[in-house]
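Next come the chains, spelled out residue by residue.
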Amino acid sequence: MFVKNMMIPKHECYTAQEGVTLKEALEMLEKYQIDGIPVLSGDKYLGIATRYTIYESYFLSDKTKDEYLNSTYVKDIATHQEKFLEGGEVFEKTLLNLKDFPLLAVVDNKRNFLGAVTRSDVLSSFESAFGVNRPGVRIAFTSVETEGRIARLSEIAHHFHEHIISLVTFDETDKLVRRIVMKIEKKDNIEKFTKKLEEYGFRILSIDED
């Protein structure tokens, strides 16, 4: 999945024009219960204003609270002016960028604001990839890293008419053993299915139902 497939489009984003005061920005953040907003000049992207940067810049200023909030504008404290997305990135690579920041803007080649991707959106996508919100049986196992192992796994699942909710592999290294986590719908043939997996060299680590 690409960033453009999961971003919040511009017309659904909360944004602030450059002349908005920090008092107004904080009121917006409180009203919508969000941690940051893109700062724009018309349609042009100027950066991101967050609660953290607002509080940090106040701490570093020599102004009173009221003076600071009413005379400082979002454009003055915006960050990430040069850190943004263009939509063609694969979504999992955004996780590192969003680890310590609540959102990133998506812009076109003229820096026109197109939308935003939030940390919450990325985590929700990972939850979907792991099938977190669907009940089922999660089977963790290992397999020797050889060509055709995933195809063999699919064949066995197909033979038992298993409905696969999610399939995730780990250890993308030069190791000879790969860990795999498969989540399937609950049926009454789990024991037979896992026994067949073991016959074909898959070593079962755990079986958990949710």
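Rules behind the numbers
Residues numbered from 1 in each chain as written. Predicted model: local features only at pLDDT ≥ 70, side-chain atom pairs only at ≥ 80, totals over all residues. Heavy atoms only, no water. Core = buried A, V, L, I, M, F, W, Y, C linked by side-chain atoms within 4.5 Å. Buried < 20%, exposed > 50% of the residue type's maximum accessible area, 1.4 Å probe, protein only. Helix = DSSP H or I, 4+ residues; strand = E, 2+ residues; numbered from the N terminus. Contact = heavy atoms within 4.5 Å. Pairing = 2+ DSSP bridges. Axes fitted to C-alpha atoms, helices over the stretch in contact; angles between N-to-C directions. Parallel < 35°, antiparallel > 145°, perpendicular 65-115°, else oblique. Left-handed = near helix turned anticlockwise from the far one by under 90°. Nonpolar A, V, L, I, M, F, W, Y, C, P; charged D, E, K, R; others polar.

Moving on: the nonpolar core. One broad trend across soluble globular proteins is that nonpolar side chains are buried collectively. Membership of the largest hydrophobic core comes to 17 residues, with the highest contact counts inside it found for Leu22, Ile37, Ile54 and Val74. Contributions of two or more residues to this core are made by helix H2 (22-32), strand S3 (36-41), helix H4 (65-71) and helix H5 (74-77). Tallying contributions element by element places H2 first for this core, with 5 residues. Once you skip the residues sitting within four places of it in the chain, Ile37 turns out to touch Tyr14, Ala16, Ala25, Met28, Leu29, Gly47, Ile48, Ala49 and Leu103. Membership of the second largest hydrophobic core comes to 15 residues, among which are Ala157, Phe160, Met182 and Ile184.

Turning to the sheet that holds strand S7 (residues 137-144), a few remarks are in order. Strands sit in the order S8-S9-S7-S10 across an open sheet of 4 strands; the sheet is antiparallel. A single partner strand is all that each edge strand has here, and the edge strands are strand S8 (164-169) and strand S10 (203-209). On average, each strand axis in the sheet is inclined to that of its neighbour by 15 degrees, with strand direction left out of account. Looking at chain direction, S8 and strand S9 (residues 177-184) are connected through 5 bridges and run antiparallel. Within S9, the residue paired with Leu167 across the bridge is Met182.

Strand order in the open sheet made by the 3 strands is S2-S3-S4, with mixed pairing throughout. Bordering the open sheet on either side are strand S2 (16-17) and strand S4 (44-50), each of which pairs with just one other strand. Of the pairings in the sheet, the one linking S2 to S3 comprises 2 bridges and is parallel in character. Considered in S3, the bridge of Gln17 is made with Leu40.

Further remarks concern the packing of helix H8 (residues 149-159) against helix H9 (residues 190-199). The description of two helices packed together rests on the angle between their axes and the distance between the axes. Between H8 and H9, the shortest axis-to-axis distance is 10 Å and the interhelical angle comes to 150 degrees. When the axis of H8 is compared with that of H9, the two are roughly antiparallel. Here the hand of the crossing between H8 and H9 comes out right-handed. Between H8 and H9, the residues in contact are Leu153, Ile156 and Ala157 and Phe193, Lys196 and Leu197, respectively. Its residues assigned to classes, the contact of H8 with H9 comprises 5 nonpolar, no polar and 1 charged.

Take the packing of H2 against helix H3 (residues 51-60) next. Contact pair H2 / H3: the axes reach a minimum separation of 11 Å and the direction vectors enclose 145 degrees. Every pair of crossing elements has a handedness; the one defined by H2 and H3 is left-handed. Counting all contacts with H2, which are made through Leu22, Ala25, Leu26, Leu29 and Glu30, the residues of H3 involved are Arg51, Ile54 and Tyr55.

What follows covers the pairing of S4. Summarising burial for S4: 5 of the 7 residues are buried, a large majority. Pairing between S3 and S4: 6 bridges, direction antiparallel. Of the residues in S4, the one forming a bridge with Ile37 is Ala49. Count of turn residues in the S3/S4 antiparallel hairpin: 2 residues, of which Gly42 carries a positive phi of about 70 degrees.

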